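Here is how the chains run, residue by residue.
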Amino acid sequence: MSQHFALFSIGKPTGNSTGLAIDFVDPELPLVGGMLNGPSWVPDEAFKLVRGYRDAVLLCWVYRRNKAMTRRTLVELVGGYASHVSDWLATDGNKNRRALPAKKIKAFEAACGNLAITQWLARQAEVTILEEMLAKRRVA
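What counts and how
- Residues numbered from 1 in each chain as written.
- Predicted model: local features only at pLDDT ≥ 70, side-chain atom pairs only at ≥ 80, totals over all residues.
- Heavy atoms only, no water.
- Salt bridge = Lys/Arg side-chain N within 4 Å of Asp/Glu carboxyl O.
- Helix = DSSP H or I, 4+ residues; strand = E, 2+ residues; numbered from the N terminus.
- Buried < 20%, exposed > 50% of the residue type's maximum accessible area, 1.4 Å probe, protein only.
- Core = buried A, V, L, I, M, F, W, Y, C linked by side-chain atoms within 4.5 Å.
- Contact = heavy atoms within 4.5 Å.
- Phe/Tyr/Trp six-rings, centres within 6.5 Å; stacked < 30°, edge-to-face > 60°.
- Lys NZ or Arg CZ within 6 Å of the ring centre and 35° of its normal.
- Arc of directions from axis to C-beta.

Student: Help me understand the pattern of salt bridges in this model?
Tutor: Pairs can form between side chains of opposite charge once their charged atoms are near each other. In total, this model carries five salt bridges according to the counting rule given. Across the salt bridge formed by D44 and R123, the nearest N and O atoms sit 2.7 Å from each other. You can see D44 sitting in the loop between β2 (20–24) and α1 (53–62) and its partner R123 sitting in helix α5 (residues 116–124), a full 79 residues away along the chain. Taking the relative accessible area as the measure of exposure, D44 reaches 37% and is therefore partly exposed. Assessed through its relative accessible area of 32%, R123 is described here as partly exposed. Notably, a salt bridge pairs D44 with K136, separated by 3.8 Å at the nearest N-O pair. Residue D44 is found in the loop between β2 and α1, and its partner K136 is found in helix α6 (residues 129–139); the two are separated by 92 residues along the sequence. A cluster of three or more residues bridged by salt bridges with shared partners is formed by D87, D92, R97 and R98.

What follows is the structure, encoded as structure tokens:
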């Protein structure tokens, strides 16, 4: 299923009216999670220090398109609780912290605007170079 965004967003009532706020989105402007063309490929050299799944999740966050995006916004885009996101992005080495659930990978990557987690998982599955090149072309 391909990723797409609506060309408008519907917000909560503005307080000054009885209707909903509707904002139109220019497809060329960056969105909270990235551009309308979907998540991008992370350069190979970025994976040199990735030692596991948690590092891949952190890499995805570090390479997010919108550096101004806060963890609070990430919670709203991905779903869940703020304490869960704090655990997902913790760097204290505590192995008892929650990991990003597999069912949230797609939303997490869409919010961050890159495919770091999926790329890491593909490397762990030893996807061939040809398959990786084909994936890069689909994203490009």
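Continuing now.
Student: Which parts of the structure should I look at to understand the nonpolar core?
Tutor: Here is a general trend for soluble globular proteins: nonpolar side chains tend to be buried in one another's company. Membership of the largest hydrophobic core comes to 25 residues, with the highest contact counts inside it found for L74, L89 and F108. Those elements giving two or more residues to this core turn out to be α1, α2 (71–78), α3 (82–88), α4 (105–112) and α5. Non-local contacts of L89, meaning those with residues more than four positions away in its chain, are made with V57, L58, W61, R71, L74 and F108.

Student: Just to check I follow, could you spell out the packing of aromatic side chains for this structure?
Tutor: Each aromatic ring pair is characterised by the separation of its centres together with the angle its planes make. Tallied over the full model, the rule gives two aromatic pairs. Judged by centre distance (6.3 Å) and plane angle (70 degrees), the rings of W88 and F108 are edge-to-face. Pair noted here: W88 is in helix α3 and F108 is in helix α4, with a separation of 20 residues, a long-range link. Given a relative accessible area of 3%, W88 falls into the buried group. In this structure, R64 is placed above the aromatic ring of W61, and the distance from its NZ or CZ to the ring centre is 3.9 Å.

Student: I would appreciate a short explanation of α2 in the present structure.
Tutor: Residues separated by three or four positions in an α-helix point in the same direction, a consequence of the helix having 3.6 residues per turn. Where α2 is concerned, the buried positions are L74, V75 and V78. Buried residues along α2 cover an arc of 105 degrees about the axis, so they all sit on one side. Of the exposed residues in α2, the ones pointing more than 90 degrees away from its buried face are R72 and E76. On its buried side, α2 packs onto α1, α3 and α4. With its phi angle positive at about 95 degrees, G79 sits one or two positions after the end of α2.

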